[in-house]
Amino acid sequence: MTTDDLRFVDSLFTAYSGTTVPGASVVVISDGRVAVRRAHGMADLERRVAATPETDYRLASISKQFTAMAVMLLVKDGRLRYDQRVREFLPELPAAAQAVTVRHLLNHTSGLWSYEDLVPDSRTAQLDDRDVLALLGSKDSLYFPAGSQYRYSNSGYVLLGLIVARVSGTTFPEFLQTRIFRPLGMSASVAHVEGSDTVPRRAYGYSPRGGTFVPTDQSVTSATLGDGGIYTNVDDMVRWDQALYGDTALVDVAPQLPGGADTTYAFGWFVDGYRGEKRWRHTGETSGFRNAIQRFPHRRLTIIVLTNRSSGEPAAIVERIADRLLFR
């Protein structure tokens, strides 16, 4: 990275900079080395806490890659199989889900209903994973037969978190700690459950409104775990990224669908190409947070942007950095 490259990266975060706006943390990992490690703006506007590279953001759907890895570890242990029927673990699911397998959940081909569409408008209490299971259990139909189509599903990853807990005999957050976070030295990472753990350098979420930013840190669906409940920082994401080059590599082949329909999702990642380069990517969007990660494994380049606002386009910022570093 040259001085001009660093200036270019900083210029992409002008809207995130200052003491009156929610912030962003960014890291660029090139050939196993941290080439950029920056933070801008504020992690907590009310308490006037600046964002730093150590700030912990809610990952939202970027959490799914950790859920997928938890499942893979249990498969490696011989505790479950990808083609095992989900109702063997979760008999509360309706008869319509009889053909749904663990692999269908991982690849968003289950056909299960989106739990968000089943939440009553009158509900104000946050859902937990068991609430999601109850909602899905009450809907004895699918969008389509399992394995026949692709439809992105937070429901599937909530169920995967529940399966991990039931198969392992521990909680999903503790399984992640024991099998992923602690072994990799990811000491800032947690699948957050309010009242049972702390997020010490926590960023709080905001949304733009009337020319300013207002707190929008939580919503009714912000307490589920397997689909989006992890908090972490860019330093821990460096450790995770480097582990993915080793024996713990995630499956990166998307499933084949009937009739040759295309899908690019595999085990917690979208796997596609960008300007001729293979790419693993994901975004995470939830109340008050927008995040993006893109990995170019053949070039050993990874770019991660975590932000605590429900506006902006971190994925576009990531692509502009990739354009600068890979294709100029």
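Treat the numbers as computed from the prediction; the structure is a model and nothing was measured.

Visitor: Which parts of the structure should I look at to understand the nonpolar core?
Guide: The nonpolar side chains of soluble globular proteins are, as a tendency, buried together. If you look at the biggest cluster of nonpolar residues, it comprises 69 residues, and the most contacted ones within it are Phe 66, Leu 90, Leu 106, Leu 159, Leu 176 and Trp 240. Phe 8, Val 26, Ala 292 and Val 305 belong to the second largest nonpolar core, which has 20 residues in total.

Visitor: I tried to follow unusual backbone geometry on my own but got confused; where do I start?
Guide: Glycine aside, residues mostly have negative phi, and peptide bonds are mostly found in the trans state. Although it is not a glycine, Phe 267 sits at a positive phi angle of roughly 55°. Mapped onto the fold, Phe 267 is located in the loop between β10 (265–266) and β11 (269–274). Judged by relative accessible area, which is 1%, Phe 267 ranks as buried. Its identity as a non-glycine residue notwithstanding, Arg 300 has a phi of 50°, on the positive side. Structurally, Arg 300 is set in the loop between β13 (289–296) and β14 (301–307).

Visitor: Please explain the sheet that holds β10 as it appears in this structure.
Guide: Either a parallel or an antiparallel arrangement is found when strands of a sheet pair, and the pairing is made through backbone hydrogen bonds. Strand order in this open sheet of seven strands is β2-β1-β14-β13-β12-β11-β10, and the pairing throughout is antiparallel. Each edge of the open sheet is held by one strand with a lone partner, namely β2 (33–40) and β10. Here seven bridges tie strand β12 (residues 277–286) to β13, and the two strands are oriented antiparallel to one another. Its bridge partner being in β13, Arg 281 is matched across the sheet by Gln 294. Lying over the sheet, helix α8 (residues 314–326) contacts β1 (24–30), β11, β12, β13 and β14, oriented at roughly 30° with respect to β13.

Visitor: How should the sheet that holds strand β9 (residues 230–232) be read in this particular structure?
Guide: Taken in spatial order, the three strands of this open sheet run β5-β9-β6, and their pairing is antiparallel. With one partner strand each, in any of the chains shown, β5 (57–58) and β6 (190–191) form the two edges of the open sheet. Here β6 runs beside β9; their pairing, made up of two bridges, is antiparallel. Paired with Ala 191 across the strands is Ile 230, a residue of β9.

Visitor: I tried to follow the layout of surface pockets on my own but got confused; where do I start?
Guide: Where empty space is left in the structure can be found by rolling a water-sized probe over the atoms. Its volume calculated, the largest pocket comes out at about 480 Å³. Around the largest pocket, the lining comprises 26 residues; the ones closest to its centre are Asp 128, Asp 129, Pro 173, Val 193 and Leu 225. Taken together, the elements giving at least two residues each to the lining of the largest pocket come down to α4 (129–137), α5 (154–168) and α6 (172–184). The element that contributes the greatest number of residues to the lining of the largest pocket is α5, accounting for four residues. A breakdown of the residues in the lining of the largest pocket according to their chemical character gives eight nonpolar, 10 polar and eight charged. Quantified by volume, the second largest pocket comes out at close to 270 Å³. Among the elements that make up the lining of the second largest pocket, the one with the highest residue count is β12 (five residues). Classifying every residue of the lining of the second largest pocket by side-chain character gives four nonpolar, 11 polar and four charged.

Visitor: Can you help me understand the pairing of β1 in this one?
Guide: Two faces make up the sheet, and in a regular strand the side chains alternate between them. Buried residues dominate β1, accounting for six of its seven residues. Strand direction decides the pairing type here: β1 and β2, joined by seven bridges, are antiparallel. Bridged to Val 27 within β2 is Arg 37. Linking β1 back to β2 in an antiparallel pair, the connection comprises two residues, with Asp 31 at a positive phi of about 55°. Examined bridge by bridge, β1 and β14 share seven bridges and lie antiparallel to one another.

Visitor: How should the side chain of Thr 109 be read in this particular structure?
Guide: Inspection of the secondary structure puts Thr 109 in the loop between α3 (102–106) and α4. Apart from the residues within four sequence positions on either side, Thr 109 is in contact with His 104, Phe 144, Ala 146, Gly 147, Gln 149, Tyr 150, Pro 255 and Leu 257.

Visitor: Sorry, what's going on with empty space enclosed by the protein here?
Guide: Evaluated as defined, the whole model comprises one cavity of 30 Å³ or more. Here the largest cavity is characterised by a volume of approximately 30 Å³. Every residue lining the largest cavity is listed: His 108, Thr 109, Ser 110, Gly 111, Leu 112, Tyr 143, Phe 144, Arg 151 and Ser 153. Classifying every residue of the lining of the largest cavity by side-chain character gives three nonpolar, five polar and one charged.

Visitor: Is there a simple way to explain the pattern of salt bridges in this structure?
Guide: When the charged atoms of two side chains lie near each other, side chains of opposite charge can form a pair. This structure, assessed with the given rule, holds 23 salt bridges. In this structure, Glu 92 and Arg 166 form a salt bridge, with 2.7 Å as the shortest nitrogen-oxygen distance. Taken together, the residues span a long stretch of sequence, with Glu 92 in the loop between α2 (64–76) and α3 and Arg 166 in helix α5 at a distance of 74 residues. Note on Glu 92: relative accessible area 38%, which makes it partly exposed. Taking the shortest distance from any N to any O, the salt bridge between Arg 290 and Glu 285 comes out at 3.9 Å.

Visitor: Is there a simple way to explain the packing of α4 against α5 in this structure?
Guide: The angle between the axes and the distance between the axes are what describe a pair of packed helices. Where α4 contacts α5, the axes come no closer than 10 Å and their chain directions differ by 115°. Helix-helix and strand crossings are classified by hand; for α4 and α5 the assignment is left-handed. In contact with Asp 129, Val 132, Leu 133 and Leu 136 of α4, α5 contributes Ser 155, Val 158, Leu 159, Leu 162 and Arg 166. Class assignment of the residues belonging to the contact of α4 with α5 gives a composition of six nonpolar, one polar and two charged.

The rules behind these values
- Residues numbered from 1 in each chain as written.
- Predicted model: local features only at pLDDT ≥ 70, side-chain atom pairs only at ≥ 80, totals over all residues.
- Heavy atoms only, no water.
- Core = buried A, V, L, I, M, F, W, Y, C linked by side-chain atoms within 4.5 Å.
- Buried < 20%, exposed > 50% of the residue type's maximum accessible area, 1.4 Å probe, protein only.
- Helix = DSSP H or I, 4+ residues; strand = E, 2+ residues; numbered from the N terminus.
- Pairing = 2+ DSSP bridges.
- Contact = heavy atoms within 4.5 Å.
- Axes fitted to C-alpha atoms, helices over the stretch in contact; angles between N-to-C directions.
- 1 Å grid on protein atoms, 1.4 Å probe; cavity = no way out; pocket = protein on both sides within 12 Å on 5 of 7 lines; lining within 4 Å.
- Points joined across faces, edges and corners; volume = space filled by probe spheres on them.
- Nonpolar A, V, L, I, M, F, W, Y, C, P; charged D, E, K, R; others polar.
- Salt bridge = Lys/Arg side-chain N within 4 Å of Asp/Glu carboxyl O.
- Left-handed = near helix turned anticlockwise from the far one by under 90°.

Read these as geometric descriptors, not functional statements.
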